[in-house]
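Structure assessment
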Amino acid sequence: MKLKNLLLIFALNLVGLFQVSAQISPGDLSNAHAFLEGVSNCTKCHAVGNKVTNDKCLACHQIIQTNIKEKKGYHASVEVAGKQCVTCHNDHHGRNFQLIKFDKNKFNHNLAGFALKGVHAKKECNACHKPAFIKDPRLKKKASTFMGLNQACLTCHADYHQGRMSPNCSKCHSFETFKNATGFDHNTTRFPLIGSHKTVACEKCHKTQIIEGKPVQQFRGLAFANCNDCHKDPHDNKFGQNCKQCHSEVSFHNIKGISTFNHDKTGFPLVGKHKLVTCVSCHKSKNMNAPIKHDRCSDCHADYHNKEFEKRGISPDCNQCHNNDGFTPSTFTIEKHNLTKFSLQGAHLATPCLACHKKDNNKWTFKRMGRNCIDCHKNEHKGFIEDKFMPNDNCTLCHNVTNWETATFDHNKTNFKLDGAHSKLLCSECHYPKNGKGIRVQQFMALSTDCSSCHKNSHMGQFEINGKTDCTRCHTTLAWANTTFNHNTSRFKLEGAHAKVKCVECHKEVTNEKGKYIQYIFKSIACSTCHS
């Protein structure tokens, strides 16, 4: 009997709760908000007084909140900005109620920040607004959404050029058709179309190749410096590669008033660069048959070196250092250079000629070059090293021509002898320390010989005497870990069982206002200091 009464009371209470809930809620929430159902969740959307605020909505819909702040998308447009969310999206109308309702056919897409032009205006909404084109994982999982797209062409379209052209397709293509690149002007490239080139079909020069299984038309990386990059040379290089000497883009068969001529029949066969020189460059008179002096280079070419190599009023011919293939590189060999007053040794062998002979005003110079290091190289130690260690800026006292970084300075000449671990260090570790900005600065003079000037005092000043710590009392330069400390010279001699105790048993790591360090100095050596 009692069990029946209890069940009856429970059933009546349950019915009462349902009635209270029904009185509070105006109706079921939509499927999208169903997880917010229940009296305890009301304040997640409603402020006190049963009002829904934009702040509450945007706290959940953060992507829309971000777009509004950045003034992007439809919700930042003049049609929506300033409105309350509930004006367009209200709930409690049942599970199947559509929170988002608008006429797709009448929607003004300009308000979304992307005007539909050309072919885009004829597409169905779901042709673009689909998960495959959405990158944001928060939106990608949604079956239906109009958010998550950006305006880049490659968001929706495959990259036909496979990264070989600008991702801004609209530079060349219109919204009407992809195939006709109506926005592209070939005259803005390094190869303007002139003459007959204007009528050549694009695919004649821009071939299609298969890359990663897909056809790609080549627009970049085409060679066009010479005509024979595209055209076969019918002369088999007998007249050089400068086709424009005789031909133009108007017509290959329209020769520029010159008949075929074999220059080898003259006393001056055309070789090297001479093949590329236009006839009028040498034959300046109207009568092309007028004899021209050609025994010496100087008969046609000015003395570029301004008589710098002149001896007894006569300059040597250019062919002693140059040939017809070009003024550079010179044929003046290292063996010939070693016969001069400055023999090339070590790193100088790998130094290009222009590094020394073409420094001032971009003009080649060969005489009065100097033979000392300081004649070509700046003394970077000037003002940093005492003159007694580098008299007359003589770099060779420490350096050699093989490797500048390998120095042979005898450090024993200073007041700091290098021994132990110091003898294995690079010079730069002490003489090129980093400043407060992390930049290495040169420092040789006025260096302190105190250990603390280079090394951190890991003992936090425990062994200081008159403000200085003499590390050599316990350590050597051989290795920091090996100490010469004798405990029996301290206040506390190690006797009995103490002699067998490990150092770390008494000297432990402590942390205080000074930092973290091992304590060696104690105020008291009484037993109670260590033993309780």
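The preceding data block contains the structure.
Described below are features of the structure shown in this document.

Each value, and the rule that gives it
- Residues numbered from 1 in each chain as written.
- Predicted model: local features only at pLDDT ≥ 70, side-chain atom pairs only at ≥ 80, totals over all residues.
- Heavy atoms only, no water.
- Helix = DSSP H or I, 4+ residues; strand = E, 2+ residues; numbered from the N terminus.
- Polar contact = N/O pair within 3.5 Å; in protein donor to acceptor, adjacent residues only side chain to side chain.
- Contact = heavy atoms within 4.5 Å.
- Patch = residues over 30% accessible without salt bridge, like charges linked within 9 Å, V, L, I, M, F, W, Y side chains within 5 Å.
- Areas by Shrake-Rupley, 256 points an atom, 1.4 Å probe, with all protein chains shown as cover.
- Salt bridge = Lys/Arg side-chain N within 4 Å of Asp/Glu carboxyl O.
- Phe/Tyr/Trp six-rings, centres within 6.5 Å; stacked < 30°, edge-to-face > 60°.
- Buried < 20%, exposed > 50% of the residue type's maximum accessible area, 1.4 Å probe, protein only.
- Lys NZ or Arg CZ within 6 Å of the ring centre and 35° of its normal.
- Disulfide = S-S within 2.5 Å.
- Lys, Arg positive; Asp, Glu negative; His and termini not counted.
- Charge placed at Lys NZ, Arg CZ, Asp CG, Glu CD.

Another point: the side chain of H109. Considering the arrangement of structural elements, one finds H109 in the loop between helix 3 (62–69) and helix 4 (137–140). Engagement of the side chain of H109 in a polar contact is seen with the backbone oxygen of F114, the distance being 2.7 Å. Ignoring sequence-local partners within four residues, the contact set of H109 consists of F114, L116 and H129.

What follows covers a nonpolar patch on the surface. Taken together, the side chains of I100, F102 and F146 make up a nonpolar region of the molecular surface, amounting to roughly 280 Å² of accessible area. As for its placement among the helices and strands, F102 is situated in the loop between helix 3 and helix 4.

Moving on, we get to the packing of aromatic side chains. Scanning the entire structure with this criterion turns up 11 aromatic pairs. With a centroid separation of 5.4 Å and 65° between ring planes, the pair formed by F102 and F146 is classed as edge-to-face. One end of the pair, F102, is in the loop between helix 3 and helix 4; the other, F146, is in the loop between helix 4 and helix 5 (202–205), with 44 residues separating them in the sequence. What makes F102 partly exposed here is its relative accessible area of 38%. Taken together through their ring pairs, the aromatic side chains of Y74, F102, F107 and F146 make up a single cluster. The ring of Y304 is capped by K363, whose NZ or CZ atom sits 4.1 Å from the centre of that ring.

In this section: the state of the cysteines. Considering all chains together, one arrives at 0 disulfides under this definition. Residue C243 stays outside any disulfide, its sulfur separated by 4.0 Å from that of C227, the closest cysteine. Of the cysteine sulfurs around C451, a residue in no disulfide, the closest is that of C471, at 3.8 Å. Judged by relative accessible area, C451 falls into the partly exposed class, the value being 28%.

We now examine the pattern of salt bridges. This structure, assessed with the given rule, holds 7 salt bridges. In this structure, E249 and K244 form a salt bridge, with 3.8 Å as the shortest nitrogen-oxygen distance.

Glancing now at a positive patch on the surface. Together, K311, R312, K341, K367, R368 and R371 make up a positively charged patch on the protein surface. What makes K341 exposed here is its relative accessible area of 72%.

Quick look at unusual backbone geometry now. Cis geometry marks the peptide bond from T328 to P329; its omega dihedral reads 0°. Inspection of the secondary structure assignment puts P329 in the loop between helix 6 (279–282) and helix 7 (334–337). One non-glycine residue, Q162, lies in positive phi territory at about 50°. Since its relative accessible area comes to 22%, Q162 is described here as partly exposed. Even without a glycine there, the phi angle at E212 is positive, about 55°.

Time to look at the environment of K434. Positionally, K434 belongs in the loop between helix 10 (427–431) and helix 11 (503–506). With residues near it in sequence (within four places) discarded, K434 still touches I439 and R440.

Note that T155 resides in the loop between helix 4 and helix 5. Every residue in contact with T155, bar those within four places of it in the chain, is listed here: F133, L149 and N150.

This part takes up the environment of K493. Here K493 lies in the loop between helix 10 and helix 11. In this structure, K493 is in contact with H487 and N488, ignoring residues within four places of it in sequence.

Relative to the assigned elements, N338 resides in the loop between helix 7 and helix 8 (353–357). With 164 residues separating them along the chain, N338 and S174 place their C-alpha atoms 66 Å apart. Beyond its immediate chain neighbours, meaning those up to four positions away, N338 contacts S343 and L344.

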